[in-house]
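Residues per chain are reported as follows:
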Amino acid sequence: MCPAKRGFFMKKMTGAQAIMESLIQEGVDVIFGYPGGTIMPVYDALYDYQKKIRHILTRHEQGAAHAAEGYARVTGKPGVCLVTSGPGATNLVTGITDAMIDSVPMVCITGQVAMSVIGSDAFQEADMIGITAPITKWNYQITSPSEIPEIFAKAFYIARTGRPGPVLIDITKNAQFEACDFSYKRVEKLTGYQPTVEPNIKQIRLAVDLLNRAKRPYMLIGHGILIAKAEKELKKFVEKTGIPVASTLLGLSALPANHPMYVGMVGMHGNYGPNALTNKADVILAVGMRFDDRVTSRLSDYAKQAKIIHIDIDPAELNKNVPVDIPIVADAKAALRAILPFVKKRSHQAWRREFKKYAIIEDKKVVEREIRPLVGGQITMAEAVHLLSEKTKGKAVVVSDVGQNQMFVAQYYRFQTPHSSITSGGLGTMGFALPAALGAKIGAPKRTVIAVIGDGGFQMTIQEMATIAQEGTAVKIIVLNNSYLGMVRQWQQMFFEKRYSFVSLKNPDFVALSRGFGIEAECVDKREGLSQALDKLLSSKSAYFLEIKVMKEGNVFPMIPAGAGVEEVRLE
């Protein structure tokens, strides 16, 4: 029998029905999935729950995973995907890995062959527990329907708490058919799994002392600020302390881009000052970021002069890449709340002016060249993104893909609203943006959601155009088409003597393809038509596709070459 809370009425149902009831108990109202043989009993049960749970039929299981990620990123709730065994399940692997490294809560439900034939290489059998063990926070194979309520409650709790991430539940076909007595109790505490949320007060006092004595303090923020919903605490903190703050790629939109304390983005294609001045700070406060290699560049030269305070909810991230002086295991919101009353009100005007000096140089050498190119020349990615930012006032949800398009969005879209920048960070998954934008729009139907994609990444998940059309989801899609795998070509130009090896793309007629899917479409290749084309895209009440033909061999700058230090920033 299913485990029951004392006094709860026990209801008899099949395992498939128990799965549906468990999802409802967890507040799930949307599932992204694709049916098949070993998950068919669950889909049969779903037929009777269509008024309570919306199912989005993606055209590929990878699309289901990325859509669930997009949904989770805008809502903060676990995204749910449902697929069959074998290739259906293994097609989730890229999305699961992406969610794991970017700390995105997901619950992935995969069908499995009947318990009686497990291990016999049965048709569409794959060891999903073994395959996904390294890329999930937790996974479990259900072989009896009696396990369903308890395992689902654990799965959702683990996915959404601590450092969020994906979990996977593999369910044998017999467990879906067989009956059990059902009752459900949500998990609020789990033995052996107790993430630290509140900071150690002794460490907080040490951090406050360092910050109050600092002459050139610098704050780095990451995805953890957004996950913790600590945007208000962050704003209060920087306005009180006067500390300049820079963002990682996944931290974008945590602080408005026009905030006086915001100095830009760090990383390989981050802004000039935030990178170069890292090695001039005397105290660095890092919150909700993990000092990955794209941020630190050459580790041997990274911030050796600074005392480093690192706040992260995952203790495994502390001292992993960069040795820190004051490690604090805590939720970002809880930690900032604890620090805020004790830090001194300061302005650090002279130190902040240093960032402005570097910004002026970057504007002259890079920004002006990119957003105001020569009259008659080709459209640049930067000017397209810059104009999009101006027209939306920085308030749209922009889902960028991976490559040059991603970096130009990060640099030139001036995010003003939290949870507005969605992209694949740690894994760098091409093809992410289109299905993730679908999920984001379903999660935030009242917000404008725009996918910005390169022509290469677009073709990796182009089939999800059919899903967008079928669901009537008003996603705005922009493809920045340079007929190249742009970022790879840039590296080949700069570091491989212009030996362009297999990066040129002969693309299809994207406008005709989009119209074939039933989505209104336009192509613009002249600067004088760009503004009007963006207006049509933004005013459309339904999905809309805009292809912008851009400069073929444009490059992304600033750039820190691989193996260089953060001060070795190239502006051209």
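Computed from a predicted structure; not experimentally measured.

Caption draft 1: Quick peek at empty space enclosed by the protein. Counted by the stated rule, this structure contains four cavities of 30 Å³ or more. Its volume calculated, the largest cavity comes out at about 70 Å³. The wall of the largest cavity is formed by Glu370, Thr380, Met381, Ala382, Gln404, Phe408, Asn482, Val550, Met551, Gly554 and Asn555. Residue assignment for the lining of the largest cavity shows that the elements contributing at least two residues are helix 16 (381-392) and helix 17 (404-412). The class makeup of the residues in the lining of the largest cavity is five nonpolar, five polar and one charged.

Caption draft 2: Inspection of helix 1 (residues 15-25) at higher detail. Burial runs high along helix 1: eight of the eleven residues are buried. Looking at helix 1, one finds that the buried residues are Gly15, Ala16, Ala18, Ile19, Met20, Glu21, Ser22 and Leu23. A positive phi of about 80° marks Gly27, the residue just after helix 1.

Caption draft 3: Structural view of the sheet that holds strand 13 (residues 307-312). One open sheet accounts for six strands, arranged 11-10-9-12-13-14; its pairing is parallel. What marks the edges here is a single partner per strand, and that holds for strand 11 (262-265) and strand 14 (326-329). Averaged over neighbouring strand pairs, the angle between their axes works out to 15° when direction is ignored. Relative to strand 11, strand 10 (residues 245-247) runs parallel, the two being bridged by three bridges. Opposite Ser247, over in strand 11, you have Met265 as the bridge partner. Contacts between helix 11 (residues 231-241) and the sheet are confined to strand 9 (217-221), strand 10 and strand 12 (283-287), with strand 9 contributing the most and set at about 170° to the helix.

Caption draft 4: Seen up close, the layout of surface pockets. In this structure, the second largest pocket encloses a volume near 700 Å³. Around the second largest pocket sit 32 residues that line it, and Val263, Gly264, Asn271, Ala359 and Arg414 are the ones nearest its centre. Only strand 11, helix 12 (272-276), helix 15 (349-371) and helix 17 provide two or more residues apiece to the lining of the second largest pocket. Of the residues forming the lining of the second largest pocket, the biggest block, nine residues, is contributed by helix 15. Residue composition of the lining of the second largest pocket, by class: 18 nonpolar, seven polar and seven charged.

Caption draft 5: Seen up close, unusual backbone geometry. Cis geometry is found at the peptide bond from Phe557 to Pro558, where omega equals 0°. We note that Asn319 has phi near 65°; this positive angle belongs to a residue other than glycine. As for its placement among the helices and strands, Asn319 is situated in the loop between strand 13 and strand 14. One non-glycine residue with positive phi stands out, namely His348, at about 50°. Structurally, His348 can be placed in the loop between helix 14 (332-339) and helix 15.

Caption draft 6: Quick peek at the packing of helix 11 against helix 14. Running from N to C, helix 11 and helix 14 cross one another at 30°; their axes reach a closest spacing of 9 Å. Taken as axis vectors, helix 11 and helix 14 run roughly parallel relative to one another. For the crossing formed where helix 11 meets helix 14, the hand is left-handed. Taking contact as the criterion, the partners of Glu233, Leu234 and Phe237 in helix 11 are, on helix 14, Lys333, Leu336, Arg337 and Ile339. Looking at side-chain class alone, the contact of helix 11 with helix 14 contains four nonpolar, no polar and three charged residues.

Caption draft 7: Quick peek at the environment of Val245. Within the element layout of this structure, Val245 appears in strand 10. Residues Val245 and Ile221, spaced 24 residues apart in sequence, show a C-alpha to C-alpha distance of 7.2 Å. Leave out the neighbours within four places in its chain, and Val245 touches Met219, Ile221, Val238, Leu255, Met261, Tyr262, Val263 and Gly264.

Caption draft 8: The arrangement of the confidence of the model for the protein chain in detail. Chain-level pLDDT for the protein chain is 96 on average; 98% of the residues reach the 70-or-more range. Contacts from residues 1-8, a stretch scored under 50 in pLDDT, to residues over four places away or in other chains number 20 contacts.

Caption draft 9: Inspection of the sheet that holds strand 4 (residues 79-83) at higher detail. What the six strands build is an open sheet, ordered 3-2-4-5-7-6; its pairing is parallel. Each edge of the sheet is formed by a strand with only one pairing partner; in this case those strands are strand 3 (54-57) and strand 6 (138-142). Put simply, the sheet's adjacent strands are angled 20° from each other on average, direction ignored. Along the sheet face, helix 7 (residues 148-160) touches strand 4, strand 5 (106-112), strand 6 and strand 7 (166-172) and points at about 165° away from the line of strand 6.

Caption draft 10: Expanded view of the pairing of strand 17 (residues 449-454). Of all the six residues making up strand 17, six are buried; the element is thus mostly covered by neighbouring parts of the structure. Two elements, strand 15 (residues 397-400) and strand 17, share four bridges in a ladder whose sense is parallel. In the strand pairing of strand 17, Ser400 is matched with Val452. Two strands pair when backbone bridges link them, and strand 17 and strand 18 (residues 476-481) are joined in this way by five bridges, in the parallel orientation. Note on strand 18: the bridge partner recorded for Ala451 is Ile477.

Caption draft 11: Quick peek at the side chain of Ser421. Mapped onto the elements, Ser421 comes out in strand 16 (residues 421-422). Setting aside chain neighbours within four positions, we find Ser421 in contact with Arg73, Leu249, Leu252, Ser253, Val398 and Phe415.

Rules of the game
- Residues numbered from 1 in each chain as written.
- Predicted model: local features only at pLDDT ≥ 70, side-chain atom pairs only at ≥ 80, totals over all residues.
- Heavy atoms only, no water.
- 1 Å grid on protein atoms, 1.4 Å probe; cavity = no way out; pocket = protein on both sides within 12 Å on 5 of 7 lines; lining within 4 Å.
- Points joined across faces, edges and corners; volume = space filled by probe spheres on them.
- Helix = DSSP H or I, 4+ residues; strand = E, 2+ residues; numbered from the N terminus.
- Nonpolar A, V, L, I, M, F, W, Y, C, P; charged D, E, K, R; others polar.
- Buried < 20%, exposed > 50% of the residue type's maximum accessible area, 1.4 Å probe, protein only.
- Pairing = 2+ DSSP bridges.
- Axes fitted to C-alpha atoms, helices over the stretch in contact; angles between N-to-C directions.
- Contact = heavy atoms within 4.5 Å.
- Parallel < 35°, antiparallel > 145°, perpendicular 65-115°, else oblique.
- Left-handed = near helix turned anticlockwise from the far one by under 90°.
- pLDDT = per-residue confidence, 0-100.

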